[in-house]
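Letter by letter, the chains look like this.
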Amino acid sequence: MLINKQQKIFVAGHKGMAGSAIIRTLRRKKYTNIVTVDKSDLDLTQFKEVESWFEINNPDIVILCAAKVGGILANNTYPTEYLLENLKIQNNVIENSWKFGVKRLLFLGSSCIYPKYANQPIKEEYLLSGILEKTNEAYALAKIAGIKLCQALRRQYSFDAISIMPTNLYGPGDNFHSHDSHVLPALIRKFCDAKEKNLPCVTCWGTGNVMREFLHVDDLGDAAIFCLEKWDVNSKNAPKDSSNEPLTHLNVGTGKDITIKDLVKLIAYATKYNGEIIWDHEKPDGTPKKQLNTEKITQLGWKPTIDLKNGIIRTVEYFKENRDQLRL
């Protein structure tokens, strides 16, 4: 194993959806030397604060999940904030991890780093091969900069930094807000409301024919720790790109996608909603297909364990149980 139970592990962004899942995985795997810090005590956008924190706490392993995140509307409306804040967080944590001798760093990226019109399923080497989706370009550019900073530090200073790119995540800790949530949590909320109010029909956007891939966030947590434990970029058997160069970022997903129409059927089943489903063809569908190629991480020996049907049932239960505490 490339990390051990005695090492001090700092999870930056531990209260977020991904960070919470990673904490759950660490605890399940009996890692006990976990360090977290609240935003009120450490502002990751402030270099001096981060530098001082690293000097005092001296973590061995860093998992960087902290980020400014939001839906399409927020990303498109506030690109300056999404670019600046994420660049500051990443640069401060990654640079100080290198400066203070962190043994391994895992940077959490996003599938939005890939070109809008990339061939499907999307391979790791498609990064920077085409234009990005304009609506979340600022966020994607920040994530790309994080990947490239990790690559540069590895190449120039042998700093052991790796990155993973998850597909669309869902599960506990998701954002179910009515205006800026993603498609799956938005639909869960809509169908739960319809069931509760006994509405005769639910209207969904578009045709329902576009394809999307979804990964339960607890599978992401498992993949993150798997990569920290098992993925040695310098190993002769490590994943490589089409030029036989070692990869330093890996896709994480299920390798399967589903139409939004079939996704809605699963959500209707999970919420026990039996009313009519209407498709508003006047509303946009978005990109026809977005699926990650997950062959590289599969070759390493990792695969997801939570199928979409059961994952949605669990997420519906989470939403119902925590609805009063969620930001809606």
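Above this text is the structure in question.
All of the points below concern the structure found in this document. (Residues numbered from 1 in each chain as written. Predicted model: local features only at pLDDT ≥ 70, side-chain atom pairs only at ≥ 80, totals over all residues. Heavy atoms only, no water.)

Looking at the sheet that holds strand 1 (residues 9–12)
Rules: At least two bridges found by DSSP between two strands is the condition for calling them paired. Runs of E in the DSSP output that reach at least two residues are strands. Runs of H or I that reach at least four are helices, and both are numbered from the N terminus. Only heavy atoms enter the contact rule, under which two residues are in contact if any of them lie within 4.5 Å. Think of each axis as a best-fit line through the C-alpha atoms, taken over the contacting stretch in the case of a helix, with angles from 0 to 180 degrees between the N-to-C directions.
With parallel pairing, six strands are arranged side by side in an open sheet as 2-1-3-4-5-10. Here the strands that pair on one side only, and so sit at the sheet edges, are strand 2 (34–35) and strand 10 (249–252). In this sheet, strand 10 lies alongside strand 5 (residues 161–166) in parallel orientation, the contact comprising four bridges. Bridging across to strand 10, I164 finds its partner in L250. Packing of helix 4 (residues 79–99) onto the sheet brings it into contact with strand 3 (61–64) and strand 4 (104–108), and relative to strand 3 it is tilted by some 170°.

Side note on the pairing of strand 3
Every regular strand shows the same layout, with side chains that alternate between the two sheet faces. Applicable threshold: Each residue is assigned to one of three classes by its accessible area relative to the maximum for its type, calculated with a 1.4 Å probe on protein chains only: buried under 20%, partly exposed between the two thresholds, exposed over 50%.
Of the two faces of strand 3, the one lined by I61 and I63 and the one lined by V62 and L64 are each fully buried. The sheet contact formed by strand 1 and strand 3 spans four bridges and is parallel. What sits directly across from F10, in strand 3, is V62.

A look at the nonpolar core
To be explicit about the condition: We call a set of buried residues a nonpolar core when its members are Ala, Val, Leu, Ile, Met, Phe, Trp, Tyr or Cys and they connect through side-chain atoms within 4.5 Å of each other.
Grouped together as the largest cluster of nonpolar side chains are 39 residues, with contacts concentrated most on F10, L44, F54, L64, L105 and Y114. Of all the secondary structure elements, the ones that give two or more residues to this core are strand 1, helix 2 (47–57), strand 3, helix 4, strand 4, helix 5 (137–157) and strand 5. Here this core gets seven residues from one element, more than from any other, and that element is helix 5. Residues within four places of Y114 in sequence aside, it is in contact with I122, K123, E124, Y126, L127, L132, M165, H249, N251 and L292. Core analysis: the next-biggest nonpolar cluster, separate from the first, contains 33 residues, A21, C65, L108 and L228 among them.

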